[in-house]
Amino acid sequence: MGIRVEVLGKNKVVYFFHWPHPILESMKKTTPTRARPTKTKIRAAFHAAGLRLTRQRLTIYRELTGRYDHPDVDMLFRAVQPKLRKISVFTVYRTMNALEEAGLVWRVTTWKGHARYDGHVVAHAHFLCERCGKIMDIEAGDVSALCKRVSGEHGQVQRVDLMFYGEEADCAAEQGAS
Ligand SMILES: [Zn+2]
Ligand SMILES: [Zn+2]
C-alpha cells in the first residue's frame, strides 16, 4: 500500500505521510451530493475568471461538474461529442487547459499519462484505485484542517493535491474471486 500525500502551497510545500495515519483513518468514502451549477452561476464564474463563455466551454464544463469520476480529456470528449458534433479531442484538450488556467477546474493527477480533472474546486482528497483507475472523492473535513495548518505555518494554500493510492475494496474482491 503506497500512500503519497502532497499539500501544495505557493512555495510548493510537500508533505509526506506514512500509513497508518490518523487523517486517512478518519476519512471515509462519501456519497456525492453535488448539485449541477446553474447557467447563471456558471456565467458569473466564467466572468470572474475573465473567460468567455462559449457553447463548447459551457457544455464541457457542465459535463465535468456533473460527474464524479474525475475524467480525462478523452472521456470528456466521448461524453460531449453527441451534443457538439463538430468538437475535436484537441478542442476539449484546449478547453480544459483554459478552464484549469482560469481556476475553474483542477487537474487532480496524471495517471498512465492522462491528466484527470475535477470540477469540484473545494479542498478535498482523492483515492485512486490503481487497478481500474477510478478516482474517488474523500471527505474534506480533515483536509480543510490540514490546509489551515499549512497556511498558518507556510503561507496561503491555493489548491490541494491530496491523493491516496491503493486498491479499492470492490476491485480487490473481484480479483480474489477470479
Ligand atoms: Zn478499482
Ligand atoms: Zn474530486
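Residues numbered from 1 in each chain as written. Chains lettered and ligands numbered in written order. Predicted model: local features only at pLDDT ≥ 70, side-chain atom pairs only at ≥ 80, totals over all residues.

Colleague: Explain the overall build of the protein residue by residue, including any values.
Modeller: The helix and strand tally for the protein stands at seven helices and six strands. Moving toward the C terminus, one meets the helices and strands of the protein in the order β-α-α-α-α-α-β-β-β-β-α-β-α. The burial tally for the protein puts 23% of its 178 residues in the buried class. For the protein, contacts bridging at least 24 residues in sequence account for 57% of all contacts bridging at least 6. (Helix = DSSP H or I, 4+ residues; strand = E, 2+ residues; numbered from the N terminus. Buried ≥ 20, exposed ≤ 12 C-beta atoms within 10 Å, placed from the backbone. Contact = placed C-beta atoms within 7 Å.)

Colleague: Break down helix α4 (residues 73-80) for me, with residues and values.
Modeller: Within the sequence span of α4, burial applies to V73, L76, F77 and V80. The arc enclosing the buried residues of α4, seen along the axis, measures out at 100°, which places them on a common side. Away from the buried face of α4 by more than 90 degrees, exposed residues D74 and R78 are located. (Arc of directions from axis to C-beta.)

Colleague: Give me the lowdown on the environment of M75, citing residues and values where you can.
Modeller: Tracing the sequence through the fold places M75 in helix α4. In sequence terms M75 and L64 are 11 residues apart; their C-alpha atoms lie 9.9 Å from each other.

Colleague: So what about helix α6 (residues 141-154)? Which residues, and what values?
Modeller: Here α6 spans 20 Å end to end across 14 residues, near enough to the 20 Å set by a 1.5 Å rise per residue. Of the positions making up α6, those classed as buried are V143, L146 and C147. Down the axis of α6, the smallest arc covering the buried residues is 105°, so these residues share one side. Looking at α6, the residues exposed on the side facing more than 90 degrees away from the buried face are A145, K148, R149 and G152. In the stretch just after α6, G155 is the one whose phi turns positive, near 135°. (Expected span 1.5 Å × (residues − 1).)

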